[in-house]
Amino acid sequence: MKLHTLKPAEGSVKSRKRVGRGPGSGKGGTSTRGHKGAKSRSGYKSKLGFEGGQMPLQRRVPKFGFKSLNKVVNKPINLSVLQELAAQHNLDTISVETLVAHGLVSKNDVVKVLGSGELTAKLNVSAHSFSASAVEAIEKVGGTVNKL
């Protein structure tokens, strides 16, 4: 085998379709575009979502709802998680920075402490907000609550 003897596989190379080169070619006249209409004209470009004059899907479907610009999304942390964290790392103070350092929340999260689970450790907890049951449970075991 030599480089000058290499040829592409049989049937893999096709010549391009040459349209608009007279009636003898079989592709003259309308140049495979059909008769009349915007698609047969030069410079045709359809608008995104255009359905040929039919009411587009985007306008047929009703609008509903809205997105509030002032919505605050809280990252919930349960008392059971705080108890586990305090037991594992021997902590008596838990703040948002502590939770970020242990990978439980990210630094931009708004943390809300919820009252699910048992709390036995006396903790000083700092967070953005607390549920009433969480405050009750923390103060019941002698801990303190600091709202940021």
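Residues numbered from 1 in each chain as written. Predicted model: local features only at pLDDT ≥ 70, side-chain atom pairs only at ≥ 80, totals over all residues. Heavy atoms only, no water.

Q: Hey, could you run me through the overall build of the protein chain in this one?
A: When you go through the protein chain residue by residue, the secondary structure sums to 4 helices and 6 strands. Ordered by position in the sequence, the α and β elements of the protein chain form the string α-β-α-β-α-β-β-β-α-β. Rg of the C-alpha trace for the protein chain: 35 Å, well past the compact-globule value of 15 Å for 148 residues, more than 25% over. Each principal axis of the C-alpha atoms in the protein chain carries an extent, and together these give about 100 × 60 × 20 Å. Relative to its 148 residues, the protein chain shows a buried fraction of 20%. Partitioning the intrachain contacts of the protein chain with sequence separation of at least 6 by distance along the chain shows that 38% fall at a separation of at least 24. Entry remark: accessible area of the protein chain is about 12,200 Å², with carbon and sulfur atoms responsible for 52%. (Helix = DSSP H or I, 4+ residues; strand = E, 2+ residues; numbered from the N terminus. Rg over C-alpha atoms; globule rule 2.2 N^0.38 Å. Buried < 20%, exposed > 50% of the residue type's maximum accessible area, 1.4 Å probe, protein only. Contact = heavy atoms within 4.5 Å. Areas by Shrake-Rupley, 256 points an atom, 1.4 Å probe, with all protein chains shown as cover.)

Q: For this particular structure, what's the right way to read the sheet that holds strand β4 (residues 124-127)?
A: The strands that make up a sheet are held in pairs by hydrogen bonds between backbone atoms, and each pair lies either parallel or antiparallel. The 3 strands are arranged β2-β4-β6 in an open sheet whose pairing can be described as parallel. Edge positions in the sheet fall to β2 (93-94) and β6 (144-147), since each of these pairs with one other strand and no more. For β4 and β6, the ladder comprises 4 bridges, and the chain directions are parallel. Counted as the bridge partner of A127 is K147 from β6. (Pairing = 2+ DSSP bridges.)

Q: Honestly, a nonpolar patch on the surface in this entry has me stumped. Any pointers?
A: The grouping of M1, L3 and L6 at the surface amounts to a nonpolar patch, some 460 Å² of accessible area in total. With respect to the secondary-structure elements, M1 resides in the segment before α1 (57-60). (Patch = residues over 30% accessible without salt bridge, like charges linked within 9 Å, V, L, I, M, F, W, Y side chains within 5 Å. Salt bridge = Lys/Arg side-chain N within 4 Å of Asp/Glu carboxyl O.)

Q: When you look at the UniProt feature "domain: Large ribosomal subunit protein uL15/eL18" (unreviewed entry) in the protein chain in this model, what are you seeing that I'm missing?
A: Those places that UniProt annotates as "domain: Large ribosomal subunit protein uL15/eL18" (unreviewed entry) correspond, in this numbering, to residues 76-145. Summarising residues 76-145: 37% helix, 26% strand, and an end-to-end C-alpha distance of 16 Å. (UniProt positions renumbered as here; feature names shortened; annotations may be inferred.)

Q: Sorry if this is basic, but what is going on with the side chain of T98 here?
A: For T98, the location among the structural elements is in helix α3 (residues 96-101). Overall, T98 belongs to the buried group, its relative accessible area being 15%. Aside from chain neighbours lying at most four places away, what touches T98 is L85, L91 and T93.

Q: Please clarify how the sheet that holds strand β5 (residues 129-130) should be interpreted in this entry.
A: Taking strand neighbours across the sheet as the criterion, the 3 strands line up as β1-β3-β5 in an open arrangement whose pairing is parallel. Strands at the two margins of the open sheet, each flanked by one partner only, are β1 (74-78) and β5. As paired strands, β1 and strand β3 (residues 110-114) are joined by 5 bridges and run parallel to one another. What sits directly across from P76, in β3, is K112. With respect to the sheet, helix α2 (residues 79-89) is in contact with β1 and β3, its orientation differing from that of β1 by roughly 65°. (Axes fitted to C-alpha atoms, helices over the stretch in contact; angles between N-to-C directions.)

Q: Can you walk me through the nonpolar core in this structure?
A: Looking at soluble globular proteins, one finds that nonpolar side chains tend to be buried together. One finds L82, L99, V113 and L123 to be the most contacted residues of the largest nonpolar core, which totals 19 residues. Looking at this core, the elements that each hand over two or more residues are α2, α3, β3, β4 and α4 (132-140). Top contributing element to this core by residue count: α2, with 4 residues. The contact partners of L82, leaving out residues within four places of it in the chain, are I77, I94, L99, V113, L123 and V125. (Core = buried A, V, L, I, M, F, W, Y, C linked by side-chain atoms within 4.5 Å.)

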